[in-house]
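If you want the building blocks of each chain, they are given just below.
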Amino acid sequence: TLLAPSEFESRLKIACNDLKVRYALSGLAGAFRLAPFVRYHRVTFYLEDKVNELVKKMKLNSVTSGENVTIKTPFDDGVFYDLHCIGEMPVVSPIQLYLDLNLLGDRGKEAADYIFKEVIEPRWKKKK
């Protein structure tokens, strides 16, 4: 897409609502909502269904490199458990986000570590 991440996300919300399909941000786009130091240029999200319809509706083009949108299709509903709406955008659970970020390397690992220490670990300590 040629849209800035924030504009893309606004349009994504509308398109997914129109298509009546679940979606949730992940990767650095999701981390941005929980870790204030994160900057991102790629919007990564899980999409329940209707990928082709969304691609057409959003006028996305497939590229071999330099992508700024990554659509993940989940194997099951697990990625949609414990969704959180942050600033009107659905974000995967902190645990799913932590797992996804760890796959990204340095920047992702830094965000994952922050989310573990500041979000996940305090929740565990409360439950004891």
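Anyway, here's the lowdown on the structure attached to this text. (Residues numbered from 1 in each chain as written. Predicted model: local features only at pLDDT ≥ 70, side-chain atom pairs only at ≥ 80, totals over all residues. Heavy atoms only, no water.)

1. Points about the overall build of the chain
1) Next: Of the regular secondary structure elements, the chain holds 5 helices and 5 strands.
2) Next: Written out in order from the N terminus, the α and β elements of the chain read α-β-α-β-α-β-β-β-α-α.
3) Next: Relative to its length of 128 residues, the chain is compact, with a C-alpha radius of gyration of 15 Å against a globular reference of 14 Å.
4) Next: Projected onto its principal axes, the C-alpha coordinates of the chain cover approximately 45 × 30 × 25 Å.
5) Next: With 128 residues in all, the chain has 37% of them scored as buried.
6) Next: Accessible area for the chain stands at about 8000 Å²; split by element, carbon and sulfur atoms hold 52% of it.
7) Next: Both charge centroids of the chain, one from 20 positive and one from 17 negative side chains, sit 3 Å from each other. (Helix = DSSP H or I, 4+ residues; strand = E, 2+ residues; numbered from the N terminus. Rg over C-alpha atoms; globule rule 2.2 N^0.38 Å. Buried < 20%, exposed > 50% of the residue type's maximum accessible area, 1.4 Å probe, protein only. Areas by Shrake-Rupley, 256 points an atom, 1.4 Å probe, with all protein chains shown as cover. Lys, Arg positive; Asp, Glu negative; His and termini not counted. Charge placed at Lys NZ, Arg CZ, Asp CG, Glu CD.)

2. What about helix H4 (residues 94-102)?
Note on helix geometry: an α-helix contains 3.6 residues per turn, so any two residues three or four positions apart are oriented the same way.
1) Next: Every buried residue of H4 is listed here: Pro94, Gln96, Leu97, Asp100 and Leu101. Considered in projection along H4, the buried side chains sweep an arc of 155° and stay on one side of the axis. (Arc of directions from axis to C-beta.)

3. Looking at the packing of helix H1 (residues 5-19) against helix H3 (residues 51-58)
1) Next: Where H1 contacts H3, the axes come no closer than 10 Å and their chain directions differ by 130°. Judged by the angle between their axes, H1 and H3 are oblique. In terms of crossing hand, the pair formed by H1 and H3 is right-handed. For the pair H1 and H3, contact is made by Phe8, Arg11, Leu12, Ala15, Cys16, Asp18 and Leu19 and by Glu53, Leu54, Lys57 and Met58, respectively.
2) Next: Here the residues of the contact of H1 with H3 are counted per class, giving 7 nonpolar, no polar and 4 charged. (Axes fitted to C-alpha atoms, helices over the stretch in contact; angles between N-to-C directions. Parallel < 35°, antiparallel > 145°, perpendicular 65-115°, else oblique. Left-handed = near helix turned anticlockwise from the far one by under 90°. Contact = heavy atoms within 4.5 Å. Nonpolar A, V, L, I, M, F, W, Y, C, P; charged D, E, K, R; others polar.)

4. Considering the nonpolar core
1) Next: Membership of the largest hydrophobic core comes to 35 residues, with the highest contact counts inside it found for Phe8, Leu12, Phe45, Leu54 and Leu101.
2) Next: Not counting residues up to four positions away in its chain, the partners in contact with Leu12 are Tyr23, Phe45, Leu54 and Met58. (Core = buried A, V, L, I, M, F, W, Y, C linked by side-chain atoms within 4.5 Å.)

5. Thoughts on the environment of Lys13
1) Next: Following the sequence through the fold, Lys13 ends up in helix H1.
2) Next: The class of Lys13 is partly exposed, set by a relative accessible area of 24%.
3) Next: If sequence neighbours within four positions are ignored, Lys13 has contacts with Tyr23, Glu88 and Met89.
4) Next: At a separation of 2.9 Å, a polar atom in the side chain of Lys13 contacts the side chain of Glu88. (Polar contact = N/O pair within 3.5 Å; in protein donor to acceptor, adjacent residues only side chain to side chain.)

6. Digging into the pattern of salt bridges
1) Next: Within the structure shown, the criterion is met by 8 salt bridges.
2) Next: Its salt-bridge partner being Asp113, residue Lys109 comes within 2.8 Å of it at the nearest N-O pair. Of this pair, Lys109 and Asp113 are both found in helix H5 (residues 106-127), 4 residues apart, which corresponds to roughly one turn of the helix.
3) Next: In the salt-bridge network here, residues are joined through shared partners; they are Arg22, Glu48 and Asp77. (Salt bridge = Lys/Arg side-chain N within 4 Å of Asp/Glu carboxyl O.)

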